[in-house]
Each structure stands twice: as C-alpha cells, then as structure tokens.
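# Inside the fold
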Amino acid sequence: MQAGDHQVKAKSVWGKCCDLIAAHITQEEYQNLFEPLIAESFVDGKLILTLPSYYFYELLERRYVPVLRDALNRVVGEHATLEYSILVDPQQGVSQHHELSPSPARPAPQAAQPSKGIQSPFQNKAAQVPDFITDNQLQENYTFENFIEGECNRLARSAGLAVSQKPGLKNFNPLFLYGSVGLGKTHLVQAIGNRIKTVEPGRFVLYVSCEKFTDQFMEALRNNQVQNFTNYYNTVDVLIIDDVHHLSGKTQTQEIFFSIFNSLYLANKQIIMTSDRQPKEIATLTDRLESRMTWGLMADIQQPDYETKVAIIRQKMYKDGVEIPKEVVSFIAESVEKSIRELESVINGVIFEAFLDKTDVNIELAKRAMNRIFQRIESMDIDFIKEQVASYFKIPVEDLEGIGRKKEIVYARQIAMYMAKNFTKSSLKAIGKQFGDRDHTTVMHALDKVNKELESNEGLKKAIEEIKSRFKAEAAA
Ligand code: ADP
Ligand code: MG
C-alpha cells in the first residue's frame with residue numbers, strides 16, 4: 001500500500017468511528033473536540049490520530065476513552081489500537097510531531113516478565129483492567145523532565161534521582177516520600193520508575209497503589225492464591241507502592257506487605273513508598289513495619305512556593321501551545337495555594353474557557369474561569385458530596401442515608417454531613433432530610449463531632465482535604 005492509501009483508509013475508518021462517537025456525545029463536544037482531529041494513517045489495525053495540542057490528549061484520555069474504545073472495536077475489531085500524535089506548536093502549523101503513548105488500546109509492551117507459572121494479579125481479572133494500563137503500571141508522562149524542581153520538593157526530587165541511579169542501595173532503601181495530597185508524590189515515584197526502566201529495561205519495575213495492592217491481596221485470600229500473590233511480588237526488582245497510609249487498620253495486608261518487604265529488602269531490591277503522612281502518624285501500623293519504613297531515606301514534599309507554581313503554569317501552557325500573559329500567570333499562582341493538582345485544574349479551566357470562547361487567555365477570562373470553578377464548588381449539591389465521600393470510604397452511597405450504626409459508616413456519614421454544611425448553602429434541616437430523613441439535631445451533632453475531632457486528628461484533616469481536592473478537580477473538569 002502507498003503512504004497515500006494509508007491516509008485514505010485512515011480517513012474512512014475514522015469517519016465511521018466518528019459517526020458512532022457523535023451519537024454518544026453532544027454536538028458541541030463533537031465539534032470542539034473531535035472535528036479538529038486528523039486521521040493520519042491506518043496500518044495493521046493501528047489508527048494514528050493527530051491532535052492539535054496536548055490539551056486534546058488530556059481531555060480525550062480523561063473523558064472519552066470508553067467511547068473511543070467502543071467505536072474502534074466496532075469499526076475495526078477487538079485488535080484495534082490507537083496512537084496519538086500531537087502538534088506541538090499550533091502557531092507554526094505542522095512543524096513537529098510528538099508521539100504520545102498511552103493510547104487507549106495499546107497492547108501491553110513487553111515488560112520484564114516474572115518467572116513462569118506465577119500469575120500477575122494485574123492480569124487475573126483482565127476484563128477489569130483496561131488494556132492500556134501496562135503490566136508495570138507506569139505512566140510515561142510522569143517523568144523527571146516534566147517534574148518542576150522547586151524549594152518545596154528539592155529534597156524529595158534529589159532523593160528520587162539518587163534512587164533511580166542506584167536502585168537497591170542500602171542507604172536509600174526503602175525510599176519513603178510523604179506530603180499532602182496533590183503535591184506530586186505519585187508523579188515523582190512514577191518518574192523514578194520510568195527512569196529506571198529507561199536505563200535498565202530488564203529490571204522489573206512495578207508500581208501499585210496501596211489500595212490496589214490491598215484489593216489484590218483480599219482477592220488472593222478469597223481464592224486461596226496468597227502464595228501466588230506473594231511469589232509474584234517477590235519477583236519484582238523495584239516495588240513502588242503509593243499511598244501506604246491506606247495500610248492503616250488493615251492488619252492482614254500489613255502482614256503480607258511486611259513479608260514481601262523483607263524478601264525484597266534482603267535481596268537488595270528497591271522499595272519505594274509514598275504516604276500523606278510520616279510512618280509514625282499512620283494509625284495502627286505495626287511497630288515493626290513502621291520501623292522498616294524509616295530504615296532508608298525519608299523526604300517530604302511541601303506546599304508549592306510561588307516560583308514553583310509559576311514554573312508549573314508556564315510548562316503546562318507551553319505544552320498545550322497556549323500563550324499566557326504574565327499577569328495571568330501571577331494571578332493564577334497567587335490564587336491557588338495548596339496543591340499542584342488544584343493548580344492544574346485551574347489551568348485546565350482557564351484553557352478550556354479560552355477554547356470555548358475561541359480567544360486568547362487574558363485576565364478577565366482567567367477570573368471568569370476561576371469564578372466558574374469556585375462557584376461550582378459552592379453550588380455543589382449534596383448528592384455529589386455523598387458520591388465523593390462514599391467513593392472515598394469505599395461504601396455504597398445508600399449507607400450514608402441508611403440506618404447502619406457501624407463505626408466506619410457513622411464516621412463517613414458525619415463527614416459527609418460536615419461537608420454538606422460547608423460546601424452547600426443547605427440548612428441543617430435540609431441536610432438531615434437528604435441523609436435518610438434525619439433530624440437537624442443529628443446533623444448538628446455530626447458537625448460538632450467533626451469540628452472537635454479536627455482539632456486533634458490529622459488523619460481526618462487529611463481525609464477531608466483529599467475529598468475537597470476531589471471536588472475541585474471534578475468542578476474544574
Ligand atoms: P500526589 O500523588 O502527591 O497526590 P500527584 O503526583 O498526583 O500528587 O500530582 C498532582 C498533579 O500535579 C499531577 O498531575 C502532577 O503531574 C502534577 N505535579 C505535581 N508536582 C509537580 C511538579 N513538581 N512539576 C510538574 N507537575 C507536577
Ligand atoms: Mg498520589
């Protein structure tokens with residue numbers, strides 16, 4: 001086939017996909033997001049699409065993977081794959097192409113395979129794991145190159161670099177990074193994993209969130225597969241386990257993690273952990289596990305300082321090919337205080353506003369975008385709060401409304417009520433009504449309880465911060 005044929009074929013395949021996609025989204029979404037995409041080529045079931053900017057990539061990945069996947073499956077078949085190529089500088093036309101990976105349907109690349117006969121818990125339930133998640137769970141866009149260094153993360157970053165140069169070295173093992181939500185822990189540890197993979201592709205690097213680790217373990221326990229589970233983790237060369245504060249209260253998972261930790265440590269394999277607090281602040285962590293966590297190198301990440309925020313805004317705008325006046329950069333940097341995730345959602349909101357308006361970014365637009373985000377937070381409805389809180393605590397929404405008196409449920413319910421009071425304009429009575437028709441005094445009691453506890457309970461503060469930051473991310477999305 002000639003190169004031209006590939007493009008003709010690509011256009012035809014993409015055209016059919018578009019017809020299916022258009023049926024599932026609004027006309028506005030379709031015009032803004034899908035019409036500007038160009039089908040570049042189609043060879044051996046792989047469709048390459050050119051996107052006008054990185055922003056399109058983020059939006060597609062964030063919201064449209066299922067629709068894209070479904071359309072491709074129906075038009076091309078299950079084996080279809082998709083790759084994006086991004087125009088870096090829209091001003092200058094097709095000057096440079098960037099190939100970006102995690103395409104929704106990319107086959108898992110050849111990771112170093114664990115020894116035969118051991119089944120990866122990541123593949124056990126293939127149906128539930130989207131196939132663009134590769135076996136080592138590393139995301140290629142989290143790199144050191146795009147991790148901005150600043151006062152707030154200097155120590156953690158250099159610790160990370162050191163580990164990525166010499167994984168397994170006793171002084172750096174384990175590496176324990178801690179800091180509040182949205183400050184770059186996941187990005188940094190993923191960057192370490194990616195760097196090690198680049199330098200030594202043969203090493204088996206595995207990233208896993210502590211929650212996923214726990215789920216896999218529970219599943220293994222149910223299916224009598226604990227040995228298999230342990231064997232699998234013991235074959236890892238670099239184990240990155242994210243958000244270990246979730247080990248709190250999980251005795252069995254702590255035990256199995258302790259045993260895996262020991263085997264890996266003795267074999268000079270690198271272990272990297274993140275947490276939103278120091279080991280000694282993780283409630284109910286066994287002493288021996290707490291002490292293991294502090295054996296190596298510990299570093300914290302702090303809230304971003306002004307310069308770091310400015311650098312991050314610039315980088316992101318540049319990546320998206322958006323021009324942004326200085327005053328808008330300072331305005332955004334000053335308005336967002338706590339987390340980089342929040343900063344990113346504001347930047348996205350601003351770009352999106354400019355995109356809808358088809359104008360350049362200016363200060364009025366930035367203010368408008370910001371108001372929109374914060375207003376949406378203010379007018380957040382109770383249902384939304386219930387959903388977020390329930391998902392945070394991994395319980396069904398109905399439990400928040402129900403009569404259950406189990407400690408965890410009561411706790412989650414009280415937090416949800418507290419957030420409803422703080423995030424909506426609803427009265428105590430109205431809130432009570434939405435929580436299983438409870439009396440307003442019950443709500444008052446919940447608020448008192450949470451307020452009091454907030455004075456001393458760091459964990460609760462963090463939980464609320466995290467749920468709040470989910471609101472903001474959702475509101476800006
Ligand atoms: P955490 O794991 O601490 O909650 P994440 O690693 O998920 O935070 O970071 C939140 C977002 O902020 C991510 O999109 C990440 O890429 C971005 N981010 C965080 N720190 C930096 C940094 N120093 N430079 C660039 N982007 C960053
Ligand atoms: Mg994280």
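Right, let's walk through the structure included here. As the structure is a computational prediction, the values presented were derived from the model and not from experiment. (Residues numbered from 1 in each chain as written. Chains lettered and ligands numbered in written order. Predicted model: local features only at pLDDT ≥ 70, side-chain atom pairs only at ≥ 80, totals over all residues. Heavy atoms only, no water.)

## What to know about the environment of R154
Relative to the helices and strands, R154 resides in helix α5 (residues 154-165). Of the residues examined, R154 reaches a relative accessible area of 36% and is grouped as partly exposed. Put simply, R154 and A299 are 145 residues apart on the chain and 9.4 Å apart in space, counted from C-alpha to C-alpha. Here the side chain of R154 touches E149 through a polar contact of 3.1 Å, side chain to side chain. (Helix = DSSP H or I, 4+ residues; strand = E, 2+ residues; numbered from the N terminus. Buried < 20%, exposed > 50% of the residue type's maximum accessible area, 1.4 Å probe, protein only. Polar contact = N/O pair within 3.5 Å; in protein donor to acceptor, adjacent residues only side chain to side chain.)

## As for the sheet that holds strand β5 (residues 175-178)
The sheet built from 5 strands is open, its strands ordered β6-β7-β8-β5-β9 with parallel pairing. The sheet is open, and its two borders are formed by β6 (205-209) and β9 (297-300), each paired with just one other strand. Ignoring strand direction, the axes of neighbouring strands in this sheet form an average angle of 15°. Bridging between β6 and strand β7 (residues 238-242) involves 5 bridges; their strand directions are parallel. Among the inter-strand pairings, S209 is bridged to a residue of β7, identified as D242. Set on the sheet, helix α6 (residues 185-199) makes contact with β5, β6, β7 and β8 (270-275); between it and β6 the angle comes to about 165°. (Pairing = 2+ DSSP bridges. Axes fitted to C-alpha atoms, helices over the stretch in contact; angles between N-to-C directions. Contact = heavy atoms within 4.5 Å.)

## Observations concerning the packing of helix α8 (residues 226-234) against helix α9 (residues 251-266)
The N-to-C vectors of α8 and α9 enclose an angle of 35°; their axes lie 9 Å apart at closest approach. Crossing of α8 against α9: the hand is right-handed. Residue-level contacts link V226, F229, T230, Y233 and N234 of α8 to I256, S259, I260, S263 and L264 of α9. Split by residue class, the contact of α8 with α9 holds 6 nonpolar, 4 polar and no charged. (Left-handed = near helix turned anticlockwise from the far one by under 90°. Nonpolar A, V, L, I, M, F, W, Y, C, P; charged D, E, K, R; others polar.)

## Observations concerning the pattern of salt bridges
Evaluation of the coordinates by the stated rule reveals 18 salt bridges. Where salt bridges share partners, they join E149, E151, R154 and R157 into one cluster. (Salt bridge = Lys/Arg side-chain N within 4 Å of Asp/Glu carboxyl O.)

## As for the site of ligand 1
By nearness alone, 17 residues border ligand 1, and G182, T186, H187, R341 and E344 come closest of all. Within the backbone of G184, one N or O atom sits 3.0 Å away from an oxygen atom of ligand 1. A distance of 2.7 Å separates an oxygen atom of ligand 1 from a polar side-chain atom of H187. Protein contacts shield 93% of the accessible area of ligand 1, which totals 550 Å² for the unbound molecule. Sorting the residues of the shell around ligand 1 by element identifies α6 and α13 (340-357) as the ones contributing at least two each. (Near = heavy atom within 4 Å. Areas by Shrake-Rupley, 256 points an atom, 1.4 Å probe, with all protein chains shown as cover.)

## Brief notes about the environment of F213
Within the element layout of this structure, F213 appears in helix α7 (residues 210-222). With 34 residues separating them along the chain, F213 and L247 place their C-alpha atoms 9.8 Å apart. Among all residues touching F213, those that are not within four sequence positions of it are V208, F229, Y233, I241, T253, I256, F257 and I260.

## Side note on α5
The terminal C-alpha atoms of α5 lie 17 Å apart, and with 12 residues this matches the ideal 16 Å at 1.5 Å per residue to within 8%. Turning to α5, the residues buried within the fold contact β5, α6, β8 and β9. (Expected span 1.5 Å × (residues − 1).)

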